[in-house]
Amino acid sequence: MPIKKYCSYTGCRVLLDEDVKYCDKHQKQTRDHKASRDREYKRNRNDHKEQDFYHGQAWVNTRDGAMSYYFGIDIFKYYTTGMIVEATTVHHIVPIKEDWSKRYDSNNLIPLTEKSHQYIHNEYGKGNKKQMQDILFEMKIKFFMDYRVGVQKTFETL
Ligand SMILES: [Zn+2]
Ligand SMILES: [Zn+2]
């Protein structure tokens, strides 16, 4: 008569061979749980990395540089409505979650109001990310052609 023992999951009364730790159901559950814990851990670690980035002096300087380059206005609002509205945030067109190397890249930055920013992130979330990004990159080129060609002080030197 081989020795049997209970599944190691608390309260489970499935009898198993001595060398088997969990019943099929709890084997799977434990594995899934560990996978989701690993995912959660990784997410938290990335969130911390991002928070540190946004609080860093290097980002504050880069952000200020982008603001002054664009005269502190919401470029998306300006090119969609013609209205000049003060920007309050600087958006990463390619999110830093997707490309960490572009976090200080002036080519990836555009100043926005919170309202435009939310609108753009909504579009990203609705599956229009590529379209939206193309629009923003085009606006940056347009701004450069409209207001920056021939201006000595370039963003890179700020
Ligand atoms: Zn079990
Ligand atoms: Zn953003």
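Everything numeric here is computed off the predicted structure, so don't read it as measured data.

Caption draft 1: Inspection of the coordination of the zinc ion (ligand 1) at higher detail. For the zinc ion (ligand 1), every protein donor is listed as Cys7 (SG), Cys12 (SG), Cys23 (SG) and His26 (ND1), and the spread of their distances is 1.9 to 2.4 Å. Around the zinc ion (ligand 1) sit four donor atoms, and with donor-metal-donor angles ranging over 98 to 123° the site reads as tetrahedral. Sequence positions of the donors to the zinc ion (ligand 1) reduce to the motif C-x4-C-x10-C-x2-H. In this pair, Cys7 sits in the loop between strand 1 (4-6) and strand 2 (15-17) while His26 sits in helix 1 (residues 24-55), placing the two residues 19 residues apart along the sequence.

Caption draft 2: Representation of the coordination of the zinc ion (ligand 2). The protein atoms that coordinate the zinc ion (ligand 2) are His91 (ND1), His117 (NE2) and His121 (NE2), at distances spanning 2.1 Å. Counting the intervening residues between successive donors of the zinc ion (ligand 2) yields the motif H-x25-H-x3-H. Here His117 pairs with His121, and both are found in helix 4 (residues 114-148), just four residues apart, close to one helical turn. What makes His117 buried here is its relative accessible area of 16%.

Caption draft 3: Focus on the environment of Gly65. Secondary-structure assignment places Gly65 in helix 2 (residues 57-69). In this structure the C-alpha to C-alpha distance between Gly65 and Ser106, which are 41 residues apart in sequence, comes to 8.6 Å.

Calculation notes
- Residues numbered from 1 in each chain as written.
- Chains lettered and ligands numbered in written order.
- Predicted model: local features only at pLDDT ≥ 70, side-chain atom pairs only at ≥ 80, totals over all residues.
- Heavy atoms only, no water.
- Donors = N, O, S within 2.8 Å, 3.2 Å for Na, K, Ca; no water.
- Tetrahedral: all angles 85-135°; square planar, octahedral: opposite > 155°, others 65-115°.
- Helix = DSSP H or I, 4+ residues; strand = E, 2+ residues; numbered from the N terminus.
- Buried < 20%, exposed > 50% of the residue type's maximum accessible area, 1.4 Å probe, protein only.

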